[in-house]
Amino acid sequence: MKKFLLVLGLLAVVGLAAVSAAATTYKVASDTTWPPFEWQAGGGQLIGFDLDVMRLIAILEGYDVNIISYSWDIIFIDVGNGRVDIGASGATITAEREAVVDFSAPYWTSNQAVIVMADSDLNIASALSAGKKIGAQVGTTGAKWVQEQLIDKGVDVELVEYTLYPLAVLDLVNGNVDAVVQDEPASRASVAADARLSIVGVIETGEQFGFFVTNGDPNGLLPKINDGLQKLKASTAWADLITAYMGGAELTKIEAAWVAAAPFLAAKDVTGFAHALAAGATAP
Amino acid sequence: MTATEILWQNVRPLFDALPVTLEVLGLLLVVGLTLGTVLAFAQAYGRRPLRALCVGYEQLFRGIPPLVVILLFWNGITPALGVPVPGIVVAALALGMRSAAYQSQIFRGAIQAVPPGQMMAARSLGMSRIQAIRSVIVPQAFRLAIPPWANEYSSVVKDTAFICVIGGLIDLTRQALMKLAPLSMRRPIGTQLILPYLIILGLFYLALTYGGNGLLSLLERRLSIPGFEMKGKVER
């Protein structure tokens, strides 16, 4: 017990020291289970479009980020109560979320894709028609769209929610749901990996992704994030990041490209990093 | 790359995450053992108000699911403290305090399973109550407590999977969940490796459960006195 208390004490001291020594490091929470926006590479690095945008904004604005892997449901609570400073997790800006956190300017516009089994003869209308079971990740705008645009409007579909997106796709393959509604880039990655799946259509929801901070922005982060985002979008790095992550390259290839480009990140070379990443991801 | 190679590539991070699960498991057992022992003695030998307090504690923690206890500790109690508490400590405290409720029942049962005549005999030899508890009751109760304690161990090993909801804590389960998406996006394999991968995750927990139980039954055999095994029979 004495040892345990000692460990507790040490942990507390280390924790406090970390907080006071690196005042310009902000904690960024991300549900790293959602390629190509955020995931864990084979070597353990947390990478993805959102996370690299975050890293590059941090370089441009002169602060450091510590990216922490978080379970999706908990991110809004912990950003909301200030345990972490920033959320970067492919989050669509919605009025409900605005009530608990403050969003940055939008950095990405997403639409919802509908995946079905390629041999099912379903089209976008029949896949979302009465009697169908539709899978979506819990708490996502895909699930919200099914609820608000179908169920609430009297279309008799059953919404089946999953804690993780790949489990919804697995259930589709196993025949437990008829379709899965999910953001387009993740859907494209799934379909590219399995010939039995196909995207039957895209729902133009035009959702805007934003980074988010604790309500009231106590650290004054939003002006920095928005300013950095503007600078990033004005540079060549923005198009390079989109090419690298949204170009449909296999994840392992993006991971290798990221590792090769990482020295640029260490050297705080924003455009150099993005250029190397895009070149690696698109190399033949 | 073959499917086996891809699978292995994704199993390796599980070994990296194993120490986190083991650390939480070890810490929670220490918390549970310490607090559980105190609660057990308080219930077996304490006065009525103290006993009632212990019963209340047990009812509370045995009545709430482990995931809910973790969410309460992580999202409710520790943010209110205002000081940063590491996730691993929150996990160990939440699950340890819950386990203490169960462990105290095991120890109290074991203490009370030692026939009351033994206490009388020890006192008649001139031992004090404390001496009798220490030298006569506890050594016997300890042996009796091992099999049900092994049961509790198996149970908390699996409870540790719930800590995956704590931010920044990458235990076995969280690590496996993080690998599902990249694993299911490997071309042209798709979702096919998810099932074998989850089976491997299960094997990790199976190894922890049976490994620990093996050690505990070894301890039980080492401590048993041939001819004087107590099978939990209570003489009245």
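Predicted model, so just to flag it, every value in this text is computed and none were measured.

### Side note on the layout of surface pockets
All names here are of chain B. Here the second largest pocket defines a volume of roughly 310 Å³. Lining the second largest pocket are 15 residues, and of these Leu33, Thr37, Phe107, Phe142 and Ala145 sit closest to its centre. Elements supplying a minimum of two residues to the lining of the second largest pocket: helix H1 (3–45), helix H4 (87–113), helix H6 (129–159) and helix H8 (194–223). Of all the elements, H6 adds the most residues to the lining of the second largest pocket, at six residues.

### Describing the domain arrangement of chain A
All names here are of chain A. On domain assignment, one finds that chain A holds domain 1 (22–107 + 210–282) and domain 2 (110–207). Computed from C-alpha coordinates alone, the two centres of domain 1 and domain 2 are separated by 26 Å. Taken together, the contacts link 13 residues of domain 1 with 13 residues of domain 2. When the two sides are added together, the surface that domain 1 and domain 2 hide from each other amounts to roughly 950 Å², 60% of it contributed by carbon and sulfur. Where domain 1 packs against domain 2, one counts one salt bridge. Residue Glu96 is joined to Lys144 by a salt bridge in which the shortest nitrogen-to-oxygen separation is 3.6 Å. At the junction of domain 1 with domain 2, the criterion picks out four residue pairs in polar contact (both at pLDDT 80 or more). Elements supplying a minimum of two residues to the side of domain 1 that touches domain 2: strand E2 (33–34), helix H3 (72–80) and helix H4 (95–98).

### Considering the pairing of strand E8 (residues 108–117) of chain A
Residue and element names in this part refer to chain A. Of all 10 residues making up E8, nine are buried, and the element is well covered by its neighbours. In the sheet, E8 pairs with strand E12 (residues 197–209) via nine bridges, with the strands oriented antiparallel. Looking at the pairing, Val116 lines up with Ser198 of E12. In this sheet, strand E11 (residues 179–183) lies alongside E8 in antiparallel orientation, the contact comprising four bridges. Following the sheet pairing, Gln112 is matched in E11 by Asp183.

### What about the sheet that holds strand E5 (residues 64–69) of chain A?
All names here are of chain A. Pairing is mixed in the open sheet, where five strands are placed in the order E5-E1-E6-E13-E7. Sheet topology places E5 and strand E7 (101–103) at the edges, where each strand pairs with a single neighbour. Pairing geometry for strand E6 (residues 86–87) and strand E13 (residues 212–214), over two bridges, is antiparallel. Bridging across to E13, Ile86 finds its partner in Val213.

### Quick look at H8(B)
Note on helix geometry: an α-helix contains 3.6 residues per turn, so any two residues three or four positions apart are oriented the same way. Over its 30 residues, H8(B) runs 44 Å from end to end, which matches the ideal 44 Å to within 8%, given 1.5 Å per residue. Turning to H8(B), its buried residues are Ile194(B), Tyr197(B), Leu201(B), Phe204(B), Tyr205(B), Leu208(B), Thr209(B), Gly212(B), Asn213(B) and Leu216(B). Against the buried residues of H8(B) lie helix H7 (165–173) of chain A together with H1, H6 and helix H7 (172–184) of chain B.

### Observations regarding the packing of helix H2 (residues 49–61) of chain A against helix H10 (residues 236–246) of chain A
Relative orientation and spacing of two packed helices are given, respectively, by the angle between their axes and the distance between those axes. All names here are of chain A. Packing of H2 against H10 brings their axes to within 10 Å, and their N-to-C directions diverge by 155 degrees. As summarised for this structure, H2 and H10 are arranged roughly antiparallel, according to the angle between their axes. When the axes of H2 and H10 are compared, the crossing they make is right-handed. On H10, the residues touching Phe49, Asp52, Val53 and Leu56 of H2 are Trp238, Leu241, Ile242, Tyr245 and Met246. A class-by-class count of the residues in the contact of H2 with H10 yields eight nonpolar, no polar and one charged.

The rules behind these values
- Residues numbered from 1 in each chain as written.
- Chains lettered and ligands numbered in written order.
- Predicted model: local features only at pLDDT ≥ 70, side-chain atom pairs only at ≥ 80, totals over all residues.
- Heavy atoms only, no water.
- 1 Å grid on protein atoms, 1.4 Å probe; cavity = no way out; pocket = protein on both sides within 12 Å on 5 of 7 lines; lining within 4 Å.
- Points joined across faces, edges and corners; volume = space filled by probe spheres on them.
- Helix = DSSP H or I, 4+ residues; strand = E, 2+ residues; numbered from the N terminus.
- Domains from an automatic or database assignment.
- Contact = heavy atoms within 4.5 Å.
- Buried area = accessible area lost by both parts, 1.4 Å probe.
- Salt bridge = Lys/Arg side-chain N within 4 Å of Asp/Glu carboxyl O.
- Polar contact = N/O pair within 3.5 Å; in protein donor to acceptor, adjacent residues only side chain to side chain.
- Buried < 20%, exposed > 50% of the residue type's maximum accessible area, 1.4 Å probe, protein only.
- Pairing = 2+ DSSP bridges.
- Expected span 1.5 Å × (residues − 1).
- Axes fitted to C-alpha atoms, helices over the stretch in contact; angles between N-to-C directions.
- Parallel < 35°, antiparallel > 145°, perpendicular 65-115°, else oblique.
- Left-handed = near helix turned anticlockwise from the far one by under 90°.
- Nonpolar A, V, L, I, M, F, W, Y, C, P; charged D, E, K, R; others polar.

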